[in-house]
Amino acid sequence: MDTASDKSTDKREDHNTVHSYDVDVGAQLFAETDISLTPQEASRLRAKIDWHIMPLMCVMYLITFMDKTTLGEAAVLGILEDAHLTANQYDWLGTIFYLSYLVFQYPQNLALQRFPVGKWMSINIFLWAVVLLCHAACKSFGSLLAVRFLLGMCEGAITPGFLIVTSMFYTHAEKTRRVGYWFLMNGFAVIILGFISFGLLHTNTTSFMPWQWLMIITGTITLITSMLFWFFFPDSPTTARFLTPEERVSAIRRIQANQSGVENKHFKKEQFLETIKDPKTWLMAFFAGSANIVNSLTNQRQLIVAQFGFNGIQTTLLGCVDGVVEILTIWLGVVLASQPHIGRSYAGVLMYIPAILGSILVSTLPFSNKIGLLFSYWISIFAIAPFTIFLGWVSSITSGHTKRITTNGIVLCSYAIGNAVSQFMWKAQYQPRNHVPWAVITSCNFAAGIALVVLRFMLVSENTKRERENPDNKHDAVYILDESGAERKVDKAFLDLTDKQNRDFRYVL
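Residues numbered from 1 in each chain as written. Predicted model: local features only at pLDDT ≥ 70, side-chain atom pairs only at ≥ 80, totals over all residues. Heavy atoms only, no water.

## With respect to the overall build of the chain
Formally: Secondary structure elements follow DSSP: runs of H or I no shorter than four residues count as helices, runs of E no shorter than two count as strands, and numbering proceeds from the N terminus. Remark: exposure states derive from per-residue accessible area (1.4 Å probe, protein chains only) relative to the maximum for the residue type, with buried under 20%, exposed over 50%, and partly exposed in between. Here a residue-residue contact requires only that any non-hydrogen atoms of the pair lie within 4.5 Å. For accessible areas, the Shrake-Rupley method is used with a probe of radius 1.4 Å. Any residue's cover is judged against the shown protein chains and nothing else.
Secondary structure assignment for the chain yields 22 helices and four strands. Classification of the 509 residues of the chain by burial places 59% in the buried group. Nonlocal contacts in the chain, meaning residues at least 24 apart in sequence, comprise 82% of its contacts between residues at least 6 apart. Here the chain has roughly 19500 Å² of accessible surface; of this, 67% comes from carbon and sulfur atoms.

Have a look at this one:
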């Protein structure tokens with residue numbers, strides 16, 4: 001079957017000339033220069049990129065997770081009584097967020113391909129802030145359901161947008177830690193939100209409940225952040241204002257080894273179909289779904305700890321420890337994954353071992369041993385780390401921009417499904433021991449660990465097969481017209497080829 005690259009190519013006797021819309025956005029910039037990059041220059045450029053985009057990404061992810069988990073904190077700040085919510089209705093507020101996330105996930109990914117990434121995320125963050133502020137005016141299940149639905153719609157742009165930007169600016173070897181850095185902000189969000197909630201428990205405003213103040217505070221912070229994001233967050237290396245023209249070219253050359261380019265603004269049907277037919281897409285989707293069953297603890301954790309026998313103030317303060325554990329486990333996970341002799345798959349499995357032990361102990365220890373139950377619960381939080389490792393891995397084993405955004409969409413849809421269905425495990429009939437939910441979490445963690453091992457096996461097999469193949473010269477003589485009309489050779493890495501089409505692509509383990 002002919003690809004879009006074949007259809008938009010002018011055949012010459014000795015080479016092909018491609019049209020600019022068919023190749024990566026970095027191709028023109030890269031083809032028009034012959035700038036070389038020393039290791040020292042590459043290191044300095046990476047440091048500059050880190051200082052300009054990582055703080056914004058970290059702050060933004062902290063705030064989005066803080067906003068997303070306000071529902072969990074609101075449970076001990078009076079929202080159940082004030083809005084007259086039953087346990088089932090409360091579960092639905094957690095589920096509707098992810099159902100909305102699921103419905104709008106792929107449209108959000110298409111928008112991220114079509115529009116400037118930074119600007120599109122900024123718009124969604126602004127709308128997110130407005131919706132969060134509206135939570136404070138809601139006093140019924142129906143109104144809260146509506147704003148939670150809108151919140152899920154807006155949140156659908158953040159994680160895929162961050163994955164795209166991380167792929168644009170960093171090499172495969174650097175992605176795992178960078179994704180880990182902004183993802184571990186979830187832990188800081190839990191800590192900060194815990195202290196805010198602790199302070200709000202001591203407020204005494206008769207006309208405004210503590211949970212409403214929580215929504216106003218977090219919504220205002222998000223609103224300010226959205227404005228900073230609009231003005232300072234880059235859309236891609238080719239347009240980043242903090243880079244000089246020479247540095248933009250160097251930034252693109254730095255990621256050349258990825259063999260996956262920067263981005264392409266045109267949807268390619270053949271890449272979409274390839275993604276659907278690729279077995280590893282659905283294995284990754286299975287992992288994303290099963291790995292996020294444990295994420296139901298986000299909304300349930302305060303109620304679970306309270307059921308161990310702690311009062312409201314103790315539960316709120318102990319919730320801060322959740323954040324510390326999450327930070328340490330994610331940091332440990334990405335450090336292990338960055339070791340070449342361990343890799344992403346085995347690092348994820350290593351993190352699942354204590355997590356499975358913790359979830360078993362929560363369900364089997366005597367209920368009178370509330371300290372033991374608390375520490376077992378904290379150990380179960382280790383299960384958050386493998387998905388963080390996986391997010392940094394996805395873009396390193398997928399190439400072709402349409403294929404990448406489609407893969408991201410499918411994976412994050414599965415993430416949303418796992419989060420949505422898991423909310424319904426926590427039924428009143430299972431309380432206070434919650435044996436059934438903890439058994440499901442244990443089983444899903446085990447299944448997710450197996451999926452990681454199988455995925456690694458598939459990638460090793462494909463890499464071995466490619467090493468044995470004869471060199472593929474099909475895309476070596478491809479040219480693009482520069483602004484002066486002259487032909488310049490385009491490196492294979494910037495032809496927007498998929499990982500299947502580019503036989504020089506090697507899957508990172």
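Don't stop here, the text continues.
## Description of the packing of helix α15 (residues 279–291) against helix α20 (residues 385–394)
In a pair of packed helices, the angle between the axes and the distance between the axes together describe the arrangement. Our working rule: Helix axes are fitted to C-alpha atoms over the stretch in contact, other axes to C-alpha atoms as well, and angles between N-to-C directions run from 0 to 180 degrees. These descriptions rest on fixed angle ranges, namely under 35 degrees for roughly parallel, over 145 for roughly antiparallel, 65 to 115 for roughly perpendicular, and the rest for oblique. Throughout, a crossing is termed right-handed when the near helix is turned clockwise from the far one, and left-handed when it is turned anticlockwise from it by less than a right angle.
As a packed pair, α15 and α20 sit with axes 10 Å apart at the nearest point and diverge in direction by 155°. Judged by the angle between their axes, α15 and α20 are roughly antiparallel. Classified by chirality, the crossing of α20 by α15 is left-handed. Contact residues: Met284, Phe287 and Ala288 in α15; Pro386, Phe387, Phe390 and Val394 in α20.

## As for the environment of Trp331
Tracing the backbone shows Trp331 in helix α17 (residues 312–337). Taking relative accessible area as the criterion, Trp331 reaches 48% and is therefore assigned partly exposed. A sequence separation of 148 residues divides Trp331 from Phe183, and the C-alpha atoms of the two residues are 9.5 Å apart.

## Some words on the nonpolar core
Note the threshold: In this text, buried Ala, Val, Leu, Ile, Met, Phe, Trp, Tyr and Cys residues form a nonpolar core when linked through side-chain atoms within 4.5 Å.
Judged by nonpolar contacts, the single largest core of 133 residues is most densely connected at Ile53, Phe162, Phe169, Trp182, Phe287, Tyr377 and Phe390. With 13 residues, the top contributor of residues to this core is helix α3 (residues 39–68). Those residues within four positions of Phe162 in sequence are excluded, and the remaining contacts are Met57, Met60, Tyr61, Met121, Trp182 and Phe229.

## Overview of empty space enclosed by the protein
Cut-off, in case you're wondering: Two kinds of site are reported from a 1 Å grid over the protein atoms alone, namely cavities, where a 1.4 Å probe fits but cannot get out, and pockets, open sets with protein on both sides within 12 Å along at least five of seven lines, and residues are called lining when an atom falls within 4 Å of a point. Grid points are joined across faces, edges and corners, and a volume is the space filled by probe spheres set on the points. In this classification, the charged set is Asp, Glu, Lys and Arg, the nonpolar set is Ala, Val, Leu, Ile, Met, Phe, Trp, Tyr, Cys and Pro, and all remaining amino acids, among them Gly, are polar.
Per the stated rule, a full pass over the model turns up three cavities of 30 Å³ or more. Phe65, Asn295, Thr298, Glu326 and Ile384 are the residues nearest the centre of the largest cavity, which is lined by 25 residues in total. At the level of elements, α3, α11 (185–200), α16 (297–307), α17, α20 and α21 (401–422) are the ones that each hand at least two residues to the lining of the largest cavity. Classifying every residue of the lining of the largest cavity by side-chain character gives 15 nonpolar, six polar and four charged. Volume-wise, the second largest cavity comes out at about 40 Å³. Considering the residues around the second largest cavity, the lining is formed by Lys68, Tyr98, Arg148, Asn295, Thr298, Asn299 and Gln423. Classifying every residue of the lining of the second largest cavity gives one nonpolar, four polar and two charged.

## Considering a nonpolar patch on the surface
Basically, it comes down to this: Patch membership requires more than 30% relative accessible area and the absence of a salt bridge. Residues of like charge join within 9 Å; the nonpolar side chains Val, Leu, Ile, Met, Phe, Trp and Tyr join within 5 Å. We define a salt bridge as a contact between a side-chain nitrogen of Lys or Arg and a carboxyl oxygen of Asp or Glu at a distance within 4 Å.
A cluster of nonpolar side chains, Ile123, Phe126, Leu127, Val130, Ile224, Met227, Leu228, Trp230, Phe231 and Phe232, forms an exposed patch at the surface whose accessible area comes to about 930 Å². Secondary structure elements with two or more residues in the nonpolar patch: α7 (117–135) and α12 (210–232). Counting residues per element, the nonpolar patch draws most heavily on α12, at six residues. Residue placement: Phe126 occurs in helix α7.

## What about the pattern of salt bridges?
Counted under the stated rule, the structure contains 15 salt bridges. In this structure, Arg46 engages Glu174 in a salt bridge whose closest nitrogen and oxygen atoms are separated by 3.4 Å. Taken as a pair, Arg46 in helix α3 and Glu174 in helix α10 (residues 172–183) lie far apart in primary sequence, 128 residues in all. For Glu174, a relative accessible area of 9% gives the class buried. Taking the shortest distance from any N to any O, the salt bridge between Arg503 and Glu469 comes out at 2.7 Å. Highlighted residues: Arg503 in the segment after β4 (487–489) and Glu469 in the loop between α22 (435–468) and β3 (478–481), separated in sequence by 34 residues. Overall, the relative accessible area of 18% leaves Arg503 in the buried class. Overall, Glu469 belongs to the partly exposed group, its relative accessible area being 29%. Connected through salt bridges with shared partners, the residues Glu274, Asp278, Lys280, Lys403 and Asp499 form a single ionic network.

## As for α10
What counts is decided by this rule: By definition here, a helix of n residues has an expected span of 1.5 Å times n minus one.
The first and last C-alpha atoms of α10 sit 17 Å apart over twelve residues, in line with the 16 Å expected at 1.5 Å per residue. Within α10, burial applies to His172, Glu174, Lys175, Thr176, Arg178, Val179, Gly180, Trp182 and Phe183.

## Focus: unusual backbone geometry
For the bond running from Gln431 to Pro432, omega is 5°, close enough to zero to count as cis. Residue position: Pro432 is located in the loop between α21 and α22. Look at His84: it is not a glycine, yet its phi comes out positive at around 55°. Tracing the sequence through the fold places His84 in the loop between α5 (79–82) and α6 (87–114). Notably, Asn434 is not glycine yet its phi reads approximately 55°, a positive angle. Tracing the sequence through the fold places Asn434 in the loop between α21 and α22. You can call Asn434 buried: its relative accessible area is 2%.

## Here's the deal with the packing of α15 against α21
The interhelical angle for the contact between α15 and α21, taken along N-to-C directions, is 30°, at an axis separation of 7 Å. The angle between the axes of α15 and α21 places the two elements in the roughly parallel class. For the pair α15 and α21, the sense of crossing is right-handed. Only Lys403, Thr407, Ile410, Val411, Ser414, Tyr415 and Gly418 of α21 make contact with α15, whose side of the interface consists of Lys280, Thr281, Trp282, Met284, Ala285, Phe286, Ala288 and Gly289.

## Focus: the packing of aromatic side chains
This is how it is decided: Think of it this way: a Phe, Tyr or Trp ring, Trp meaning its six-membered ring, pairs with another when their centres are within 6.5 Å, and the plane angle makes it stacked under 30 degrees, edge-to-face over 60, tilted otherwise.
With the rule as written, the count across this model stands at 27 aromatic pairs. Ring geometry for Phe267 and Phe272: centres 5.9 Å apart, planes at 45°, overall tilted. Residue Phe267 is classed as partly exposed on the basis of its relative accessible area, which comes to 42%. Accessibility expressed as a relative area gives 26% for Phe272, which makes it partly exposed.

On their own, these measurements won't tell you what the molecule is for.
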